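# Summary of structural features
The primary structure of each chain is shown beneath.
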Amino acid sequence: AQKVTQAQTEISVVEKEDVTLDCVYETRDTTYYLFWYKQPPSGELVFLIRRNSFDEQNEISGRYSWNFQKSTSSFNFTITASQVVDSAVYFCALPDNYGQNFVFGPGTRLSVLP
Amino acid sequence: GAVVSQHPSWVICKSGTSVKIECRSLDFQATTMFWYRQFPKQSLMLMATSNEGSKATYEQGVEKDKFLINHASLTLSTLTVTSAHPEDSSFYICSARDRAGALYEQYFGPGTRLTVT
């Protein structure tokens, strides 16, 4: 069965600091997809990235970057020069074997202080 | 594109009453919709999967007689919480899969916050 672990429950940083959110996953599938979502206080999930297990290249999108390490089953997310608006709960997710149910990690609550 | 709406965005109801939550795919057809529940400071947990025109599949521990799901069309699924109790207070999120899209692609609605008094 799929499993996603986010060991950091809560993180607090001061604005402009860099912060990395960890995600470790378990799957028996040889090909799979990994996702990151942001959930601001409003509650609506905001899609951030989808990564195919075939592609281990790191990805950068503005202040966001992702490090995918298949060998350690990790898909970590880094925010560079954090801003107060980055304060939210961040979820790492992995669809199940049939691409149906999303298995979400427990989430990491990030607080960026001014 | 790929917008999913939920109505209402929040609702307060009295214990013992029923409440219906709608989930609509606005610009695509969804053969499959999913209902998640999220308690405060917790992650999303799948409650049930509904396929258009057939009975929903409930996850273990979810009472199907309490959480009635109807997916009568390719753009609408409803979740009815029957005889609601305070412990049903939660944030309910639906997602939909585009019938023309990939299996892993789900689009999430904005959520419905239910408070049972």
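Report on the accompanying structure. The structure presented is a predicted model; accordingly, all values stated were derived computationally and were not measured.

Basis of the calculations
- Residues numbered from 1 in each chain as written.
- Chains lettered and ligands numbered in written order.
- Predicted model: local features only at pLDDT ≥ 70, side-chain atom pairs only at ≥ 80, totals over all residues.
- Heavy atoms only, no water.
- Pairing = 2+ DSSP bridges.
- Helix = DSSP H or I, 4+ residues; strand = E, 2+ residues; numbered from the N terminus.
- Axes fitted to C-alpha atoms, helices over the stretch in contact; angles between N-to-C directions.
- Phe/Tyr/Trp six-rings, centres within 6.5 Å; stacked < 30°, edge-to-face > 60°.
- Buried < 20%, exposed > 50% of the residue type's maximum accessible area, 1.4 Å probe, protein only.
- Lys NZ or Arg CZ within 6 Å of the ring centre and 35° of its normal.
- Contact = heavy atoms within 4.5 Å.
- Buried area = accessible area lost by both parts, 1.4 Å probe.
- Salt bridge = Lys/Arg side-chain N within 4 Å of Asp/Glu carboxyl O.
- Disulfide = S-S within 2.5 Å.
- Core = buried A, V, L, I, M, F, W, Y, C linked by side-chain atoms within 4.5 Å.

Glancing now at the sheet that holds strand E3 (residues 19–25) of chain B. Residues and elements named next belong to chain B. The antiparallel open sheet is built from four strands, whose spatial order is E1-E3-E8-E7. Looking at the sheet topology across the chains shown, the edges are occupied by strand E1 (4–7) and strand E7 (67–73). On average, each strand axis in the sheet is inclined to that of its neighbour by 15°, with strand direction left out of account. Note that E7 and strand E8 (residues 76–81) share five bridges and pair antiparallel. Considered in E8, the bridge of Ile69 is made with Leu79.

Time to look at the packing of aromatic side chains. Taken as a whole, this structure holds 23 aromatic pairs over all chains when the rule is applied. When the ring of Phe104 of chain A is compared with that of Phe108 of chain B, the centres are 5.9 Å apart and the planes differ by 70°; the resulting orientation is edge-to-face. Residue Phe104 of chain A is found in strand E11 (residues 102–104), and its partner Phe108 of chain B is found in strand E10 (residues 107–108); the two belong to separate chains. Just as Phe104 of chain A is buried, Phe108 of chain B falls in that class too. Among the aromatic residues, those joined into a cluster by ring pairs are Phe35, Tyr37, Phe47, Phe91, Phe102 and Phe104 of chain A together with Tyr36 and Phe108 of chain B. The ring of Phe91 of chain B has Arg113 of chain B sitting right over it, with the charged end atom 4.3 Å from the ring centre.

Below, the discussion takes up the interface of chain B and chain A. With 21 residues of chain B at the contact, the number on the chain A side is 20 residues. Together, the buried faces of chain B and chain A total about 1600 Å²; carbon and sulfur atoms form 53% of this surface. Where chain B meets chain A, there are one salt bridge. The partner of Glu105 of chain B in a salt bridge is Arg50 of chain A, with the nearest N and O atoms 2.8 Å apart.

Another aspect to go through is the pattern of salt bridges. Residues and elements named next belong to chain A. Per the stated rule, a full pass over the model turns up five salt bridges over all chains. Of the charged contacts, one joins Arg63 and Asp86 as a salt bridge, the two residues approaching to 2.8 Å between their closest N and O atoms. Of the two residues, Arg63 sits in the loop between strand E7 (59–61) and strand E8 (64–69) while Asp86 sits in the loop between strand E9 (74–79) and strand E10 (88–95), which places them 23 residues apart along the sequence.

Further remarks concern the state of the cysteines. All names here are of chain B. The tally for this structure, following the rule as stated, stands at two disulfides over all chains. No disulfide involves Cys13; its sulfur sits 18 Å from that of Cys94, the nearest cysteine. Of the residues examined, Cys13 reaches a relative accessible area of 8% and is grouped as buried.

One finds Trp36, Trp66, Phe77, Tyr90 and Leu110 of chain A to be the most contacted residues of the largest nonpolar core, which totals 25 residues. Of all the secondary structure elements, the ones that give two or more residues to this core are strand E2 (10–14), strand E3 (19–21), strand E5 (33–39), strand E6 (46–52), E8, E9, E10 and strand E12 (108–113) of chain A. Among the elements that take part in this core, E10 of chain A stands out by supplying four residues, more than any other. Contacts of Phe77 of chain A, omitting those with residues within four sequence positions, involve Val19, Thr20, Leu21, Trp36, Leu48, Tyr64, Ser65, Trp66 and Tyr90 of chain A. Residues Cys23, Leu79, Tyr92 and Ala96 of chain B belong to the second largest nonpolar core, which totals 24 residues.

It is worth spelling out unusual backbone geometry at this point. Looking along the chain, the bond that leaves His7 of chain B and enters Pro8 of chain B is cis, with omega of 0°. Relative to the helices and strands, Pro8 of chain B is located in the loop between E1 and strand E2 (10–13). Even without being glycine, Lys16 of chain A reaches a positive phi, approximately 85°. Relative to the assigned elements, Lys16 of chain A resides in the loop between E2 and E3. By relative accessible area, Lys16 of chain A is classed as exposed at 69%. Positive phi outside glycine occurs at Ala81 of chain A, with the angle close to 50°. Residue placement: Ala81 of chain A occurs in the loop between E9 and E10. Look at Ala81 of chain A and you get partly exposed, because its relative accessible area is 30%.

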